[in-house]
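Fold and geometry: a report
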Amino acid sequence: VAKILEMEFGKPGEEPLKLVEALAPEKRKQVWKKIGIMPRAIDREITEIMHRTHMGVDADPLSLIAQGLRCALADGWSGSMMATLLSDIMFGTPKPLKAVANLGVLKEKAVNILVHGHNPVLSMKIVEAAEDPELVELAKKLGAEEGINVVGMCCTGNEVLMRLGVPIAGNMLQQELAIITGALEAVVVDYQCIMPAIVDVASCYHTKVITTEPKAHIPGALHIEFEPAHADEIAKKIVRIAVENFPNRIKEKVQIPEEKMELMAGFSVEAILEALGGTLDPLANALKEGKIKGIAGVVGCVNPKVRHDNSHVTLTKELIKNDILVVGTGCWAIAMSKHGLLKPEAAELAGPGLKEVCKALGIPPCLHMGSCVDCSRMLLVLGALADHLGVDIPDLPVAGSAPEWMSEKAVSIGAYFVASGILVHLGTIPPVLGSKTVVEILTSKAEELVGGKFYVEPDPVKAAQAMIEHIKEKRKKLGWPE
Ligand code: SF4
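Focus on the pattern of salt bridges
According to the stated counting rule, one finds 32 salt bridges in the structure shown. We note a salt bridge from glutamate 21 to lysine 29, for which the minimum N-O separation is 3.5 Å. A relative accessible area of 5% means that lysine 29 is categorised as buried. Two residues, arginine 163 and glutamate 159, come together in a salt bridge whose shortest N-O distance is 2.8 Å. Here arginine 163 pairs with glutamate 159, and both are found in helix H8 (residues 154–164), just four residues apart, close to one helical turn. For arginine 163, a relative accessible area of 11% gives the class buried. Judged by relative accessible area, which is 4%, glutamate 159 ranks as buried. Connected via shared salt-bridge partners are Glu14, Arg40, Arg44, Glu45, Glu48, Arg52, Asp58 and Arg70.

Some points on the domain arrangement of the chain
Entries for the chain in the domain assignment read domain 1 (2–86), domain 2 (103–253) and domain 3 (268–478). One C-alpha centre belongs to domain 1, the other to domain 2; they are set 36 Å apart.

What about the nonpolar core?
Among the nonpolar cores identified, the biggest contains 106 residues, and Leu283, Leu319, Leu396 and Phe417 are the most heavily contacted of them. Excluding residues that lie within four positions of it along the chain, leucine 283 makes contacts with Leu276, Ile292, Ile295, Leu325 and Leu385. Counting residues in each nonpolar core, the second largest holds 32 residues, with Val115, Val127, Ala129 and Ile148 among its members.

Concerning the site of the ligand
Not every one of the 13 residues close to the ligand is listed here, only the nearest: His118, Cys193, Cys301, Cys331 and Cys372. Elements with a minimum of two residues in the shell around the ligand: H8 and helix H15 (330–338). The residue inventory of the shell around the ligand, partitioned by class, reads eight nonpolar, four polar and one charged. The residue makeup of the shell around the ligand includes at least three contributed by each of domain 2 (103–253) and domain 3 (268–478).

Observations concerning the side chain of arginine 40
Positionally, arginine 40 belongs in the loop between helix H3 (26–34) and helix H4 (42–52). The class for arginine 40 is buried, based on a relative accessible area of 6%. There is a polar contact of 3.2 Å between the side chain of arginine 40 and the side chain of glutamate 48. Contacts of arginine 40, omitting those with residues within four sequence positions, involve Lys11, Gly13, Glu14, Glu15, Pro16, Leu17, Glu45, Glu48 and Arg70.

Quick notes on the packing of aromatic side chains
Taken as a whole and assessed by the stated rule, the structure comprises two aromatic pairs. We note lysine 253 situated over the ring of tyrosine 205; from NZ or CZ to the ring centre the distance is 4.9 Å.

Some words on the environment of alanine 410
Position of alanine 410 relative to the elements: it lies in helix H18 (residues 408–419). On the accessibility criterion, alanine 410 (11% relative accessible area) is buried. Alanine 410 has contacts with Cys301 and Trp405, leaving out every residue within four places of it along the chain.

A closer look at the sheet that holds strand S14 (residues 453–456)
One open sheet accounts for six strands, arranged S11-S10-S9-S12-S13-S14; its pairing is parallel. Where the open sheet ends on each side, the last strands, each with one partner, are strand S11 (366–368) and S14. The mean angle between the axes of side-by-side strands here comes to 25 degrees, regardless of whether they run parallel or antiparallel. Two elements, strand S13 (residues 423–426) and S14, share four bridges in a ladder whose sense is parallel. What sits directly across from leucine 423, in S14, is lysine 453. Where helix H14 (residues 310–321) meets the sheet, its contacts fall on strand S9 (294–298), strand S10 (324–328), S11, strand S12 (398–402) and S13, and the angle it forms with S10 comes to roughly 145 degrees.

A few points about the packing of helix H6 (residues 120–129) against helix H11 (residues 231–245)
Remark: H6 packs on H11, axes separated minimally by 8 Å, with the N-to-C direction vectors making an angle of 65 degrees. Looking at the two axes, H6 sits roughly perpendicular to H11. The interaxial crossing formed by H6 with H11 has right-handed handedness. Contact with H6, carried on its side by Lys125, Ile126, Glu128 and Ala129, involves Ala231, Asp232, Ala235, Lys236, Ile238 and Val239 of H11 and no other residues of that element.

Focus: the side chain of histidine 368
Structurally, the position occupied by histidine 368 is in strand S11. Among the residues examined, histidine 368 registers a relative accessible area of 0% and is labelled buried. Within the structure, the side chain of histidine 368 is placed 2.9 Å from the side chain of asparagine 158, a separation counted as a polar contact. A distance of 3.1 Å separates a polar side-chain atom of histidine 368 from the backbone nitrogen of glycine 370. Aside from chain neighbours lying at most four places away, what touches histidine 368 is Asn158, Leu161, Met162, Met264, Ala265, Gly266, Phe267, Gly328, Ala333 and Leu342.

Digging into the state of the cysteines
Tallied over the full model, the rule gives zero disulfides. We note that cysteine 375 lacks a disulfide partner, and the nearest cysteine sulfur, in cysteine 372, lies 6.8 Å from it. Residue cysteine 375 is classed as buried on the basis of its relative accessible area, which comes to 1%.

Section: the pairing of strand S2 (residues 111–116)
For S2, the tally of buried residues reaches six of six residues, placing the bulk of the element in the interior. Both faces of S2 are covered, namely the face carrying Val111, Ile113 and Val115 and the face carrying Asn112, Leu114 and His116. When S2 meets strand S3 (residues 148–153), the two strands line up parallel, connected through six bridges. Its bridge partner lying in S3, leucine 114 is registered against valine 151. Strand direction decides the pairing type here: S2 and strand S5 (residues 186–189), joined by four bridges, are parallel. Residue pairing in the sheet places leucine 114 in a bridge with valine 187 of S5.

Quick notes on the rules
- Residues numbered from 1 in each chain as written.
- Predicted model: local features only at pLDDT ≥ 70, side-chain atom pairs only at ≥ 80, totals over all residues.
- Heavy atoms only, no water.
- Salt bridge = Lys/Arg side-chain N within 4 Å of Asp/Glu carboxyl O.
- Buried < 20%, exposed > 50% of the residue type's maximum accessible area, 1.4 Å probe, protein only.
- Helix = DSSP H or I, 4+ residues; strand = E, 2+ residues; numbered from the N terminus.
- Domains from an automatic or database assignment.
- Core = buried A, V, L, I, M, F, W, Y, C linked by side-chain atoms within 4.5 Å.
- Contact = heavy atoms within 4.5 Å.
- Near = heavy atom within 4 Å.
- Nonpolar A, V, L, I, M, F, W, Y, C, P; charged D, E, K, R; others polar.
- Polar contact = N/O pair within 3.5 Å; in protein donor to acceptor, adjacent residues only side chain to side chain.
- Phe/Tyr/Trp six-rings, centres within 6.5 Å; stacked < 30°, edge-to-face > 60°.
- Lys NZ or Arg CZ within 6 Å of the ring centre and 35° of its normal.
- Pairing = 2+ DSSP bridges.
- Axes fitted to C-alpha atoms, helices over the stretch in contact; angles between N-to-C directions.
- Parallel < 35°, antiparallel > 145°, perpendicular 65-115°, else oblique.
- Left-handed = near helix turned anticlockwise from the far one by under 90°.
- Disulfide = S-S within 2.5 Å.

Written as structure tokens, this is what we have:
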């Protein structure tokens, strides 16, 4: 399977991507074929948009944006999709589990190791190595009475949280804060969302920053290349370095915040189906009856340009209050967990219909579906729901939002949701205001072409209201009660 999927990155010819053909709803594929944005090979679509944006190539905004959407579809329905599917095959499909979040998960009497980045292969192996009896014994011998404590951050944190219940210390903007607790023996990183300045911050403490990827070096960090063929050996070497660093901890500098919060995570598509009794009928019926008015996918980053977590939390609370089930990934999920919105008890904050459904199923009103890569899980739910109801995705009472987005990956995620037929709210303004034509295409014309469009609104309450109105309109068109 891996060999076949690997070929999808660079295969020649016009044949569409295999996972797109296999997993996208028929009605969507017809739309993409009609306007010529059915993705072929993943790397080819990236190379092509890079060429088109070179000086003197594609000067037509519509043609450029269409290729951008094609490239994003190659990501969402194939590149990210296969990362999720293969991770599930290797490490197991997530199931609902309980865990704890926020900086209070660090332990004063243990060797603390923070895994940060996006690659589950490395983080899963570090967690495994930290259970090695010899290393645990060594940690205790060196004074760490409670052994070794691995905690996560960002999306690699989400990966080990979703599958193993490993505590999560925080989202992207908390990486420096974790170091200044003075209680971190090592920060082990792979790639994406790692601030280069953490090496400078760590130099004020005893913390070692360990980079592991050939494509992601940081000056001043200790580099130990992670080779999957020698995964166990390398993971143990990294954990040993952290353990041996424990005696260097400066006790006077240790200040671990008390804050931590319980959460429920692990809502893969399979887990959601299981909670519903193996079929989409209960969800479809709850939507038709109006107990659940709609579904919102809230995703993406935290952004230093806006108050940390505020837009995520405000927008989500507003949505659940209005009986909209919220599913999401990435740093949104970590923001929710810190604010108690991933606990089943958060159903009390939901409107009466959603509250009733959550209480009956014992689930929170906000479902943690995984890392940013796992936005592909949401595409599968949307496709399955549309097929189940006999409609196309743009007909569903659903909306998306990235209230505090900042990374290039979020641009791709937003674009593949738009191309899949969803209204996508952005809380921070993308750098497109230089062209009225581009703004017009992204926020209006795109809807005529693919059924979805972008909507930009920095105020999270106003944004939630617009999403609610959009969902109401879709319900009306389906003939469902308001
Ligand atoms: S959600 Fe954004 S900031 Fe957070 S880990 Fe993913 S890409 Fe990075």
